[in-house]
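Fold and contact review
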Amino acid sequence: MKKPAAFAILLLLASPASGAGFFDGVPTKGYVIDDVSLDVLSAEGGTDPIARLRYVRLSLDPGRRDIAYDFWPQREMLMVERATGEKVIFERLIRLQPGSDPTAWAPRGRVGIDGSTLETFARAAGTQGACSALDVLIRAGNVDLPLSSGDLSSRTVRLGVAQAVETAVAERGRELVASSVPILYAATTKGLPAPPLDMLNLLFPGRAFARSAEGLTFRPSAGAPLDPAGGAWRSVTNAPVMLPGAPVF
Amino acid sequence: MRRLALLLAAAALSRPAFADDVAFSRIADEGSITITAARATRGSGPSATVVIVLENARGDRVFLRRAPVDGGGASYQIWLGGPPGVTFTRRGDTVQVEAGGHSLTIDESEIARPTVACWVATLVSNAEPKLLDVAAALSLLKEQTGGPPMDDAFLPIRLLWPVAPPSDLRPRGAVRFQKGPFHGEAFDRLAAAATAELGRR
């Protein structure tokens, strides 16, 4: 007997987000609020960095001037480039203007790895039917998985999310995420914020990532900062136009 | 005494190996709702195979089939009209739900959680669009009859109760549960349908 395609259930869970990309509707131009670039050195690794980091926080131009600058949406990008050349980015969107449809999924968090992505969406109100109470959507590759944020402790939900993530992201990609997390937590002592990592609670529910990294030191990046619009980063994220300063009205 | 024991043993051996028990029951209101159930059983205890065929007044049938599976546990199939329908395979406290070539593993105790209910409802309704309505209707009738509890063979129905939307079935008057035996050609056909599914794998 043919074994049923495990996890294919997830493909059935059509949602309003289907067809809408994570960056659809997200302003493409932003003003830099924070920009930190660091080289990560290991006590055992000599003077060559084991990883390079860049954190950028942008105030996204909504394209209208009836919203005060302080209330513009923001995009955070936490980029990691390992010595191997592997890249991963953790992104967070906040203060996005609510759309006219409260049941529409709005983008929240994103992990970009070369060749695969994990994304989270949220909505303010549900629709009719058995799935009406679900307020979070995880998109793992081309699979949409709606869930209730109140169910993250559920064994079934954890298993379902884990299966979706494992299907969408190769083992090496998951290892890249897992090994980057302690570096990023260690870098919070140098001004890199942790909130872009909060989405990991959704994408890897119940998983305890290591938060401490032994023997790491950080120094301001000696080279050019990582450029989300350049080279291989283009397969990892959708880079915005990043402008210095603040808008002149 | 020894002779008696030998006689009893001989009697037991002479019994057909596949002697199947078939029992009938019926739920009916004072209007047009009548659901007749034929329950065929082969074996006993956890290794028993049970098939229940439910038939309404229009002749629509719902099949439930419970059978042991290798390695422990049991599989519970439910279909309307023809198989394969939806299969629930229970091992310990987890249940694998399979339908339409897709599967989902759930913790049985979490079926009422909004996320789990959504996932199960989506899987089931894609494969058997009317099954949730059937589960809701049976739940409603069960509530009104106060009949005997639905046993293990009804696991698919019981699992789908919290997932299903409220039934739009409107019974008239009192709803009663009756146990058989019942006799007649219609019951024979129902019994034959149930018995035929006992041997299917």
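Here the structure is a predicted model, which means the values were calculated and not measured.

So, on to the overall build of chain B. Within chain B, the secondary structure is distributed over five helices and nine strands. Walking chain B from its N terminus toward its C terminus, one meets helices and strands in the order α-β-β-β-β-β-β-β-β-α-α-α-β-α. Going through the 201 residues of chain B one by one, you find that 39% of them count as buried. Long-range pairs, those at least 24 residues apart, make up 51% of the contacts in chain B between residues at least 6 apart in sequence.

Here the focus is the environment of D48 of chain A. Here D48 of chain A lies in the loop between β2 (29–42) and β3 (51–60). It is 19 Å that separates the C-alpha atoms of D48 of chain A and K190 of chain A, two residues lying 142 residues apart in sequence.

We now examine the interface of chain A and chain B. Counting residues at the interface gives 21 residues for chain A and 21 residues for chain B. Every element with two or more residues in the side of chain A that touches chain B is listed here: β1 (5–6), α1 (9–12), β9 (143–147) and α2 (155–168) of chain A. Considering every element that reaches the side of chain A that touches chain B, the biggest residue donor is α2 of chain A, with five residues. Tallied by class, the residues present in the side of chain A that touches chain B amount to 15 nonpolar, four polar and two charged.

Another aspect to go through is helix α2 (residues 114–127) of chain B. When the terminal C-alpha atoms of α2 of chain B are compared, their 20 Å separation across 14 residues agrees well with the 20 Å that a helix rising 1.5 Å per residue should span. Judged by how many residues are buried, α2 of chain B sits mostly within the fold: 13 of 14 residues are covered.

Another point: the confidence of the model for chain A. Scored by pLDDT, chain A has a mean of 88; 92% of the residues are at 70 or more. The low-confidence segment residues 1–12 of chain A (pLDDT under 50) makes 26 contacts with residues lying over four places distant or belonging to another chain.

Here we take up helix α3 (residues 131–145) of chain B. All names here are of chain B. With 15 residues, α3 should reach 21 Å at 1.5 Å per residue; the first-to-last C-alpha distance of 21 Å fits that figure. The set of residues buried in α3 consists of L131, L132, V134, A135, A136, A137, L138, S139, L141 and K142. Count one or two residues on from α3 and you reach G146, which has phi positive near 65°.

Residue and element names in this part refer to chain B. Along the chain, A37 falls in strand β2 (residues 34–42). Among the residues examined, A37 registers 20 C-beta atoms within 10 Å and is labelled buried. Separated by 149 residues in the primary sequence, A37 and A186 place their C-alpha atoms 11 Å from one another. Apart from residues lying up to four places away in sequence, A37 is in contact with F24, S25, R26, I52, V53 and L54.

What counts, and where the lines are drawn
- Every residue gets a number counted from 1 within its own chain, in the order that chain's sequence is written.
- Chains and ligands are labelled sequentially in the order written, the chains with letters from A and the ligands with numbers from 1.
- Note on the predicted model: pLDDT of at least 70 is required for a residue's local features to be given, and 80 or more for side-chain atom pairs to be given and counted; whole-chain, interface and lining totals, by contrast, use all residues.
- Helix and strand definitions here come from DSSP, where helices need a minimum of 4 consecutive H or I residues and strands a minimum of 2 consecutive E residues; each element is numbered from the N-terminal end.
- Any residue whose C-beta has 12 or fewer other C-beta atoms within 10 Å is treated as exposed, any with 20 or more as buried, and any in between as partly exposed, C-beta atoms being built from the backbone.
- C-beta atoms are placed from the backbone for every residue, and two residues are taken to be in contact when these atoms lie within 7 Å.
- Each residue is assigned to one of three groups, with Ala, Val, Leu, Ile, Met, Phe, Trp, Tyr, Cys and Pro labelled nonpolar, Asp, Glu, Lys and Arg labelled charged, and all others, Gly among them, labelled polar.
- Working rule for helices: expected span equals 1.5 Å times residues minus one.
- pLDDT is a residue-level measure of predictor confidence that goes from 0 to 100.

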